[in-house]
Amino acid sequence: MHKIGYVVFPGFQLLGFAAVTAFEMANLQLGEPAYQLELLSQTGGEIKSSAGFGVNTKAFDDRTPYDTVIFGAGTTIEPVTPGLIEFARHSLQTARRLAAPCTGAFILAESGLLDGRRATTHWFFARQLRERFPAVRVEEDRIFIVDGSVWTSAGMTAGIDLTLAMIEKDHGQDVARSVARKLVVYHRRAGGQSQFSALLELDPKSDRIQKSVEYAKANLRSVLSVEELADAAGLSARQFSRAFRSETGQSPAKAVENLRVEAARLMMEQGRHSMDVIAEETGFADSDRMRRAFLRTLGQPPQTIRRNARESAMAS
């Protein structure tokens, strides 16, 4: 069972509870209580929402372990209390993942947990997040971002996208897709805000490996052999392969494939090129090889990605 702590504060926005509904639908789909949720606050008791009515909460503490801690959002940026900061920092050490939809990112940023990380928030507040916290790598065009164990998302409804991604990671694509159908939302929203980031999954620790990843992303049309990437990193091929796997958890070949899939997916969502052109531009050489890589990485063929993007564009 995944125990989830959902943290609210005075003036929180109710639409964030849509994420709670997604977990509820996952339980129904799985036929068991896979997710157990507790509403938390600093004081406990009734906490008033921005709509004017309240919900009953339990006071958070350091003794209760949670698999996932989600920090709610508000319609404005309110001062973050020392107690909330302390609990956020504690949760980073004890929970498997932290999530902050919309303006909840400001809680994590105030706690220092987003320093050096990629993060997103509602587009209206993105500039404010960037200016107040220059150490945060703000990407305002994203629906959601996963950087290590920290998840952030755009506006309130993007919290649903974030939750569906959690459900997919925990229980697989079929369960997440079924939950999306029940909620009448897209399983994966297409468009300019990509939901798949190979760079975020890699998250190299050293400058040398980071340099090799950036080199690969800028030269996807090349063969990108281990020797070529090792040269970009200033290491021998053997040293590079060992360091790359140690820092990213992936082989160089798998990482390159993921980067190519990500780049190809973005081109498909833009809808301006044929599959053959996309395969050539992203280094797959031919569309059949690209199709096999998509099935391995995303569990969907390129045609499905493009169809979903077109349907999303028509619906918007």
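Structural data are supplied above this passage.
Counting starts from 1 at the beginning of each chain's written sequence and moves along it residue by residue. In keeping with the predicted nature of the model, local features appear solely for residues at pLDDT of at least 70, side-chain atom pairs appear and are counted solely at 80 or more, and the whole-chain, interface and lining totals rest on all residues. Note that water and hydrogens are dropped before the side-chain values are worked out from all heavy atoms of the structure.

A.B. asks: Tell me what's going on with the overall build of the protein, and back it up with residues and numbers.
C.D. replies: Here a helix means four or more residues in a row that DSSP labels H or I, a strand means two or more in a row labelled E, and each is numbered from the N terminus. Per the secondary structure count, the protein includes 14 helices and ten strands. For this measure, only C-alpha atoms enter the radius of gyration; the expected value for a globule follows 2.2 Å times N^0.38, where N is the number of residues. Against the compact-globule benchmark of 20 Å for 316 residues, the protein has a radius of gyration of 21 Å, which places it among compact chains. Considering only C-alpha atoms, the protein reaches an extent of 60 × 40 × 40 Å along its principal axes. Split into buried and exposed, the 316 residues of the protein put 52% on the buried side. Contact criterion: two residues are considered in contact whenever any of their non-hydrogen atoms come within 4.5 Å of each other. For the protein, restricting intrachain contacts to residue pairs at least 6 apart in sequence, the fraction spanning at least 24 positions comes to 62%. For the protein, the exposed surface amounts to about 14900 Å²; the carbon and sulfur share of it is 50%. The centroid of the 39 positive side-chain charges in the protein is displaced by 3 Å from the centroid of its 37 negative side-chain charges. Residue exposure (1.4 Å probe, protein chains only): buried if accessible area is under 20% of the type maximum, exposed if over 50%, otherwise partly exposed. Note that accessible areas follow from Shrake-Rupley with a 1.4 Å probe, and for residues the cover is restricted to the protein chains shown. Only four residue types enter the tally: Lys and Arg on the positive side, Asp and Glu on the negative side, with His and both chain ends excluded. For the purpose of locating charges, the reference atoms are NZ of Lys, CZ of Arg, CG of Asp and CD of Glu.

A.B. asks: Tell me about the sheet that holds strand β3 (residues 45–48), and please be specific about residues and values.
C.D. replies: One open sheet accounts for eight strands, arranged β3-β4-β2-β1-β5-β6-β10-β9; its pairing is mixed. Two strands bound the open sheet, and with one partner strand each, they are β3 and β9 (144–147). In this sheet, neighbouring strand axes are inclined to one another by 30 degrees on average, regardless of whether the strands run parallel or antiparallel. The rule for pairing is simple: two strands pair if DSSP sees at least two bridges between them. Where strand β1 (residues 2–7) meets strand β5 (residues 68–71), four bridges bridge the pair, whose relative direction is parallel. A fitted line through C-alpha atoms represents every axis, and for helices the fit uses only the stretch in contact; the resulting angles, taken between N-to-C directions, go from 0 to 180 degrees.

A.B. asks: Can you lay out the nonpolar core for me, pointing to particular residues and giving the numbers?
C.D. replies: Working definition of a nonpolar core: buried Ala, Val, Leu, Ile, Met, Phe, Trp, Tyr and Cys residues. They are joined through side-chain atoms within 4.5 Å. Of all hydrophobic cores here, the largest spans 62 residues; its most connected members are Val7, Phe71, Leu108, Leu114, Ile167 and Val179. For this core, the element with the highest residue contribution is helix α5 (residues 158–171), accounting for six residues. Of all hydrophobic cores here, the second largest spans 15 residues; its members include Val213, Ala230, Ala233 and Phe244.

A.B. asks: Run through the pairing of strand β10 (residues 150–153), naming residues and quoting values.
C.D. replies: Burial along β10 is two-sided: Val150 and Thr152 and Trp151 and Ser153, pointing in opposite directions, are all buried. Across four bridges, β9 lies against β10 in antiparallel orientation. Bridge pairing in β10 places phenylalanine 144 opposite serine 153. Adjacent in sequence and paired antiparallel, β9 and β10 are bridged by two residues, among which glycine 148 carries a positive phi angle near 65 degrees.

A.B. asks: Please provide a residue-by-residue account of helix α6 (residues 173–183), values included.
C.D. replies: When α6 is considered as a whole, its buried residues turn out to be Gln173, Val175, Ala176, Ser178, Val179 and Ala180. The inward-facing, buried residues of α6 contact α1 (18–30) and α5. Note on α6: the residue one or two positions beyond its end, valine 184, has a positive phi of about 55 degrees.

A.B. asks: Before we move on, could you go through the packing of helix α8 (residues 207–218) against helix α10 (residues 237–248) and cite the residues and values that matter?
C.D. replies: Closest axis-to-axis distance for the α8/α10 pair is 10 Å, and the angle between their directions is 95 degrees. In terms of orientation, α8 lies roughly perpendicular with respect to α10. Here Ile209, Ser212 and Val213 of α8 lie close against α10, whose contacting residues are Phe240, Ala243, Phe244, Glu247 and Thr248. Grouping the constituent residues of the contact of α8 with α10 by class yields five nonpolar, two polar and one charged. An angle below 35 degrees is treated as roughly parallel, one above 145 as roughly antiparallel, one from 65 to 115 as roughly perpendicular, and anything else as oblique. Note that Gly is not counted as nonpolar here; it falls among the polar residues with everything else outside the nonpolar set of Ala, Val, Leu, Ile, Met, Phe, Trp, Tyr, Cys and Pro and the charged set of Asp, Glu, Lys and Arg.

A.B. asks: Quick one: what's the story with the packing of aromatic side chains, residue by residue and with numbers?
C.D. replies: Stacked, edge-to-face and tilted labels apply to pairs of Phe, Tyr and Trp rings (six-membered ring for Trp) whose centres lie within 6.5 Å, assigned for plane angles under 30 degrees, over 60, and everything in between, in that order. Scanning the entire structure with this criterion turns up eleven aromatic pairs. Ring geometry for phenylalanine 240 against phenylalanine 244: centres 5.4 Å apart, planes inclined by 50 degrees, an arrangement best described as tilted. Of the two residues, phenylalanine 240 and phenylalanine 244 both sit in helix α10, four residues apart, roughly one turn of that helix. Of the residues examined, phenylalanine 240 reaches a relative accessible area of 0% and is grouped as buried. Assessed through its relative accessible area of 3%, phenylalanine 244 is described here as buried. The ring centre of tryptophan 151 lies 5.7 Å from the NZ or CZ of arginine 97, which sits over that ring. Put simply, a charge is over a ring when the Lys NZ or the Arg CZ is close to the ring centre, within 6 Å, and near the line of the ring normal, within 35 degrees.

A.B. asks: Before we move on, could you go through the pattern of salt bridges and cite the residues and values that matter?
C.D. replies: The working definition used for a salt bridge is a side-chain nitrogen of Lys or Arg within 4 Å of a carboxyl oxygen of Asp or Glu. Under the defined criterion, the tally for this structure stands at 15 salt bridges. Glutamate 280 is the partner of arginine 221 in a salt bridge, and the nearest nitrogen-oxygen pair spans 3.3 Å. Within this pair, whereas arginine 221 is found in the loop between α8 and α9 (226–233), its partner glutamate 280 is found in helix α12 (residues 275–281), the two being separated by 59 residues in sequence. Residue glutamate 280 is classed as partly exposed on the basis of its relative accessible area of 44%. Shared partners join several salt bridges into a network, and the residues in it are Asp67, Arg96, Arg97 and Asp170.

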